[in-house]
Amino acid sequence: MWDRGVLALTLLAIDPAGLGGAIIRARCGPVRDAFRECLDALPQPLLKLHPTMDDETLFGGIDLTETLTLGRLTMRKGILGRNGTAILAMAERCDATLAARLAMALDDGSLQPLIAMDEGAEPDERTPAALGERLAFYIDLNIASSDVGLLPDTAMIESARAGLASVDVLTETYETLVGLCAQLGINSQRAPLFALRAARAHAALHGHTSVTPTDIEAASALCLAHRATVLPPQPQTEEPDATPPDTNEQDTDGGNMEIGALDDRVLEAVLAILPDGLLDQFKPKGSISKGSGAGAKNKSNRRGRPKPSRPGRLSGRNRLDLIATLRTAAPWQKLRGASKGRIKVTPSDFRIKQYEEKSDRLLIFAVDASGSAAMSRLAEAKGAIELLLADAYSRRDHVSLISFRGDTAEVLLPPTRSLVQTKKRLAALPGGGGTPLAAGLIEALTMAHQARTHGMAPCIVLLTDGRANVALDGTANRAKAASDAEQIARQIRTSGTEAITLDLGNRPAKFLADLAANMDGLYMPLPRADARKMSGAVSAALEG
Amino acid sequence: MKQPFPFSAIVGQEEMKLSMILTAIDPSIGGVLVFGDRGTGKSTAVRALAALLPQITKISGCPVNSEKVEDVPDWAKLETKKSSLAPTPVVDLPLGVTEDRVTGALDIEKALSQGEKAFQPGLLAKANRGYLYIDEVNLLEDHIVDLLLDVAQSGENVVEREGLSIRHPARFVLVGSGNPEEGELRPQLLDRFGLSVDVASPKTVAERVDVIKRRDAFETDYEAFMVRWKAEDALVRGQIETARGAIKTLKTTDAALTDIAELCLKLGADGLRGELTLLKAARAFAAYREDTAIGRDHIRAVAPMALRHRLRRDPLDDAGSGVRVTRVVEDVLG
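Parameters at a glance
- Residues numbered from 1 in each chain as written.
- Chains lettered and ligands numbered in written order.
- Predicted model: local features only at pLDDT ≥ 70, side-chain atom pairs only at ≥ 80, totals over all residues.
- Heavy atoms only, no water.
- Helix = DSSP H or I, 4+ residues; strand = E, 2+ residues; numbered from the N terminus.
- Buried < 20%, exposed > 50% of the residue type's maximum accessible area, 1.4 Å probe, protein only.
- Contact = heavy atoms within 4.5 Å.
- Areas by Shrake-Rupley, 256 points an atom, 1.4 Å probe, with all protein chains shown as cover.
- Core = buried A, V, L, I, M, F, W, Y, C linked by side-chain atoms within 4.5 Å.
- Domains from an automatic or database assignment.
- Pairing = 2+ DSSP bridges.
- Axes fitted to C-alpha atoms, helices over the stretch in contact; angles between N-to-C directions.
- Parallel < 35°, antiparallel > 145°, perpendicular 65-115°, else oblique.
- Left-handed = near helix turned anticlockwise from the far one by under 90°.
- Nonpolar A, V, L, I, M, F, W, Y, C, P; charged D, E, K, R; others polar.
- Expected span 1.5 Å × (residues − 1).
- pLDDT = per-residue confidence, 0-100.
- Salt bridge = Lys/Arg side-chain N within 4 Å of Asp/Glu carboxyl O.
- Phe/Tyr/Trp six-rings, centres within 6.5 Å; stacked < 30°, edge-to-face > 60°.
- Lys NZ or Arg CZ within 6 Å of the ring centre and 35° of its normal.

### Side note on the overall build of chain A
Inference 1: Per the secondary structure count, chain A includes 22 helices and 16 strands.
Inference 2: A total of 544 residues make up chain A; the buried ones form 51% of that total.
Inference 3: Across chain A, every contact between residues at least 6 apart in sequence was considered, and the portion connecting residues at least 24 apart equals 77%.
Inference 4: Accessible surface for chain A amounts to roughly 24600 Å². Of this, 52% is attributable to carbon and sulfur atoms.

And the structure:
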């Protein structure tokens, strides 16, 4: 892995514009430090970025401090547009906003190359996809420190740069790379391009006049392995089918065989690198980035109920409270020797506006009132809801009630704060009939959508025994009912709605746990005869 | 300065390209929404569009790109009255942008250092008479979305803050792109986009090979590549300019109107904006094709992109709304 990391750096130094950059995933430790030394060995100067950077440092802008001290406009140059290798420390903590800006800079060429140092420990702590997409390489450097090897060779980089323009690319190379991407399930068109550029840089590095199979192998391993979403079928048997189907029609003579053989070789090289469990990382599509407008955000420097201003620095993302700033500056005017009609303001006078924004929460109870649930523990569920209601009341949450039974779901109570009404409807809730779980979830999702447009932060609490047996189209079909429910559950996750699943069954059901995982929410079997404990647990989950 | 990748060199993606050309012919169609995975050439197409569009005449130095001297807002304090040719503005609106940056705000530096109340125009001013491009539009914060909706509706940006009271025209074509897996778009904003297209990577190997070949040529052999494609771009630009002229004289038959109304009714599209957009898009398409009247072919071609985002959500229809539209189009138009 170490050699591969160094190779990636070398290729980046040879062709920074074409390759974009690399993600280096390494925890703090000797290996990471050693790798930093490699970066220092590169010919370009280093620029440091960190995830909480403001726009002015990034894009440049007016240097307010200087401007005020000198009394004339002083501009400051941003990091973007400076020449050098940018290093983003703690890339896994980079938010969508910064990622979008960096992606923009990578696209227009004002930032290249970018090395994202990813220190994530958990699989879901990772560099934002918008950024990873635009960086050619991904190197996992969580290796033993004894594996640390050579530093990149600067002299070779220089000569390779000179030779880069004269490297030829054969038509077969394009086809090989595209075919490879197709086999690995890589849809992005940036991937084959990166591989091509990397292969060319690799060829230049080794003094080849055209891109050779070795170059392609090395480049594919570096650029394509981590982007794979499917494993190609293992073509171990020596049958003609084993060659990728795409090249079959190109030509039928010996050339075809050669390309097929090359494809296989390259594919093997890529597969050799695929770490175990890599594909698992991709299956749940990462965590869904929730648009920050989703609701429950509390402190904001843009909108909401105004709070007292605080001293601070203008960063381009917050707003100056002009009146407060002037008020702070006022007492000092004589001391500062301000002339008549002019006010002298120093940066320490700046007061920044602060807002507090709090959206109401809406708890949507989706209650399974089917026969099977009624048989088991509907009464207990009712008790649990009542306890939750009391909790909701003290937090001034809104609540609404949806029940599903027979073949439809119905909204028993639109969002309200009236506790009494909710209790009444709940008590009158009859049980019996099939379990149209998907229909209930759709109803809850629709309500969540509506609530969000009203500025509320919805949260779905699903109470069911999980024996879904009525599909969305009303037919009694167990398998279809279950798959329908799963599909809606995924949509709930996409919509970014919080969801909690409470299992009413006599025994915890695997299906429901999976369903909760699909919704990216909490799953909890309803503890027996201890509604209070459950309500406590749910409250804790909501608070967290 | 390197020119962006040429528009006509983009492989495939015909629907996306067509939708962009149609809004260039008739900006009143509204914006274009491009949904698709990463790496399908969304950003490339938008940036290419800027270079493709015909230049506009504007008063030199005008912050809102005014065409005539009397349109220049008085706060701009321009010295010249000369006008010059400039490329159609295409302005990027990045995620996490502040309200101040979008609408413009009090020029704080001037206020503090010179005691002057001056207005610093924002992105909306810059985008006037051009395009406003929002990448990852579905992740945009709500309060910025609200602001955009308001301005897109009225065509005017009103700034009332910090003792400033300023208004300036802000007519632009919204182009949004995003990845639907990462979040949905509010229906209100969805409705503001005139056209909506779904893009995917090309399906055939030959096309994909073409994509990387061209891109590679663009990066390694820039000069020759641009010479080769500039001519093609000029051709499309000429077509757009001709269509802009032809659209005024284009006939709209009652039969076409009936078809459009029937189509929207059958689809249950919300509101009347669907009909209007479909009409405008069909007209622009007819002009682009150099026909003299709107026919069924034109309606059929643009119906999916004009209507697919206006249908009521069907949570279980994975096939996408485009298929539903096509189905109904076949029913109605035969």
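### Digging into the nonpolar core
Inference 1: Counting residues in hydrophobic clusters, the biggest one holds 64 residues, and the most contacted among them are Met-20, Leu-22, Leu-263, Leu-278 and Ile-299 of chain B.
Inference 2: Looking at this core, the element that brings in the most residues is helix H11 (residues 273-288) of chain B, giving 9 residues.
Inference 3: In terms of domain composition, this core takes at least three residues from each of domain 1 (7-199) and domain 2 (249-333) of chain B.
Inference 4: If we ignore the near neighbours within four places in the chain, the residues touching Leu-263 of chain B are Leu-278, Ile-299, Ala-303, Leu-307, Val-328, Val-329 and Val-332 of chain B.
Inference 5: Residues Ile-14, Leu-19, Phe-35 and Ala-219 of chain A belong to the second largest nonpolar core, which totals 58 residues.

### Quick look at the sheet that holds strand E6 (residues 114-118) of chain A
Residues and elements named next belong to chain A.
Inference 1: The parallel open sheet is built from 5 strands, whose spatial order is E2-E5-E6-E1-E7. The open sheet has two edge strands with one neighbour each: strand E2 (46-49) and strand E7 (137-140). Taken over all neighbouring pairs, the strand axes of this sheet differ in orientation by 20 degrees on average, direction set aside.
Inference 2: For strand E1 (residues 21-25) and E7, the ladder comprises 4 bridges, and the chain directions are parallel. What sits directly across from Ile-24, in E7, is Ile-139.

### Focus on the packing of helix H1 (residues 2-14) of chain A against helix H8 (residues 154-163) of chain A
Residue and element names in this part refer to chain A.
Inference 1: One can describe the packing of H1 onto H8 by two numbers: an axis separation of 9 Å at closest approach and a directional angle of 45 degrees. Here H1 is positioned oblique relative to H8, judged by the angle of their axes. Between H1 and H8 lies a crossing of right-handed hand. In contact with Thr-10, Ala-13 and Ile-14 of H1, H8 contributes Ile-157, Ala-160 and Arg-161.
Inference 2: Residue classes in the contact of H1 with H8 are distributed as 4 nonpolar, 1 polar and 1 charged.

### Structural notes on helix H12 (residues 296-307) of chain B
Side chains of residues three or four places apart in an α-helix project in the same direction, reflecting 3.6 residues per turn.
Inference 1: With 12 residues, H12 of chain B should reach 16 Å at 1.5 Å per residue; the first-to-last C-alpha distance of 16 Å fits that figure.
Inference 2: Of the surrounding secondary structure, the elements contacted by the buried residues of H12 of chain B are helix H1 (14-25), strand E11 (195-199), helix H10 (254-267), H11 and helix H13 (321-333) of chain B.

### Overview of the sheet that holds strand E14 (residues 457-464) of chain A
Residue and element names in this part refer to chain A.
Inference 1: Across the sheet, which stays open at both edges, the 6 strands sit in the order E13-E12-E11-E14-E15-E16 with mixed pairing between neighbours. Each end of this open sheet is capped by a strand with a single partner; those strands are strand E13 (408-416) and strand E16 (522-525). Across this sheet, the average inter-strand angle for adjacent strands is 15 degrees, counted without regard to direction.
Inference 2: Bridge analysis of strand E11 (residues 361-368) against E14 gives 7 bridges, and the strand direction is parallel. The residue of E14 that forms the bridge with Leu-362 is Pro-458.

### Focus on the confidence of the model for chain B
Inference 1: Averaged over every residue, the pLDDT of chain B is 82; the share at 70 or more is 93%.
Inference 2: What the predictor reports for the complex is a pTM of 0.66 with an ipTM of 0.73.

### Details of the pattern of salt bridges
Residues and elements named next belong to chain A.
Inference 1: For the structure shown, the criterion picks out 20 salt bridges over all chains.
Inference 2: The closest approach of N and O atoms between Asp-473 and Lys-480, which form a salt bridge, is 3.8 Å.
Inference 3: Taking the relative accessible area as the measure of exposure, Lys-480 reaches 31% and is therefore partly exposed.
Inference 4: Among the salt bridges present, the one from Asp-514 reaches Lys-510, with a minimum N-O distance of 3.0 Å. Here Lys-510 and Asp-514 lie together in helix H21 (residues 510-518), a separation of 4 residues that amounts to about one turn.
Inference 5: Look at Lys-510 and you get exposed, because its relative accessible area is 61%.

### Regarding the packing of aromatic side chains
Residue and element names in this part refer to chain B.
Inference 1: Summed over all chains, the structure comprises 5 aromatic pairs over all chains.
Inference 2: Judged by centre distance (5.9 Å) and plane angle (65 degrees), the rings of Phe-218 and Phe-225 are edge-to-face. Note on accessibility: Phe-218 and Phe-225 belong to one class, buried.
Inference 3: Within the aromatic cluster, the residues linked to one another by ring pairs are Phe-5, Phe-218, Tyr-222, Phe-225 and Trp-229.
Inference 4: Lying across the ring of Trp-229, Arg-228 places its NZ or CZ 4.0 Å from the centre.

### Points about the environment of Leu-193 of chain A
Inference 1: Looking at the secondary structure, you find Leu-193 of chain A in helix H10 (residues 190-205).
Inference 2: Its relative accessible area of 11% is what places Leu-193 of chain A among the buried residues.
Inference 3: Sequence separation between Leu-193 of chain A and Leu-177 of chain A is 16 residues, and the spatial gap between their C-alpha atoms is 8.6 Å.
Inference 4: Leu-193 of chain A has contacts with Ile-212, Arg-215 and Asp-216 of chain B, leaving out every residue within four places of it along the chain.

### Regarding the confidence of the model for chain A
Inference 1: Per-residue confidence for chain A averages 75 on the pLDDT scale, and 77% of its residues sit at or above 70.
Inference 2: Throughout residues 276-300 of chain A the model reports pLDDT below 50, and contacts reaching past four residues in sequence, or to other chains, amount to 40 contacts.

### A look at the pairing of strand E12 (residues 398-405) of chain A
Residues and elements named next belong to chain A.
Inference 1: Judged by how many residues are buried, E12 sits mostly within the fold: 7 of 8 residues are covered.
Inference 2: Relative to E12, E11 runs parallel, the two sharing 7 bridges. Pairing of Ile-364 across the sheet is with Ser-400, part of E12.
Inference 3: What sits between E12 and E13 in their antiparallel hairpin is a turn of 2 residues, with Gly-406 showing a positive phi close to 65 degrees.

### A word on the environment of Arg-190 of chain A
Inference 1: Assignment of secondary structure puts Arg-190 of chain A in helix H10.
Inference 2: Sequence separation between Arg-190 of chain A and Ala-136 of chain A is 54 residues, and the spatial gap between their C-alpha atoms is 8.4 Å.
Inference 3: When near neighbours in sequence (up to four residues on either side) are disregarded, Arg-190 of chain A contacts Asp-107, Glu-133 and Arg-134 of chain A together with Gly-39 of chain B.

### Digging into unusual backbone geometry
All names here are of chain B.
Inference 1: Phi at Gln-13 takes a positive value of approximately 50 degrees, unusual for a residue other than glycine.
Inference 2: Non-glycine residue Asn-65 carries a positive phi angle of around 55 degrees.
Inference 3: Following the sequence through the fold, Asn-65 ends up in the loop between strand E2 (56-59) and strand E3 (83-86).
Inference 4: Classification of Asn-65 by relative accessible area gives buried; the value is 8%.

### Considering helix H6 (residues 96-108) of chain A
All names here are of chain A.
Inference 1: For H6, built from 13 residues, the straight-helix expectation of 18 Å at 1.5 Å per residue is met to within 8% by its first-to-last C-alpha distance of 18 Å.
Inference 2: When H6 is considered as a whole, its buried residues turn out to be Thr-97, Leu-98, Ala-99, Ala-100, Arg-101, Leu-102, Ala-103, Ala-105 and Leu-106.
Inference 3: Where the residues of H6 are buried, they touch E2, helix H4 (55-59), strand E5 (85-88), E6 and helix H7 (129-132).
Inference 4: Following H6 by one or two positions, Gly-109 adopts a phi angle in the positive range, close to 85 degrees.

### So, the environment of Gly-96 of chain B
Residues and elements named next belong to chain B.
Inference 1: Topologically, Gly-96 is positioned in the loop between strand E4 (90-92) and helix H3 (99-103).
Inference 2: Its relative accessible area of 9% is what places Gly-96 among the buried residues.
Inference 3: A C-alpha to C-alpha distance of 7.1 Å links Gly-96 and Glu-141, two positions 45 residues apart in sequence.

### Quick look at the packing of helix H8 (residues 205-220) of chain B against helix H9 (residues 222-246) of chain B
Residue and element names in this part refer to chain B.
Inference 1: Running from amino to carboxyl end, H8 crosses H9 at an angle of 120 degrees, the nearest separation of the two axes being 5 Å. Relative to H9, the element H8 lies oblique. Judged by residue contacts, Arg-214, Ala-217, Phe-218 and Thr-220 of H8 engage Tyr-222, Phe-225, Met-226 and Trp-229 from H9.
Inference 2: Split by residue class, the contact of H8 with H9 holds 6 nonpolar, 1 polar and 1 charged.

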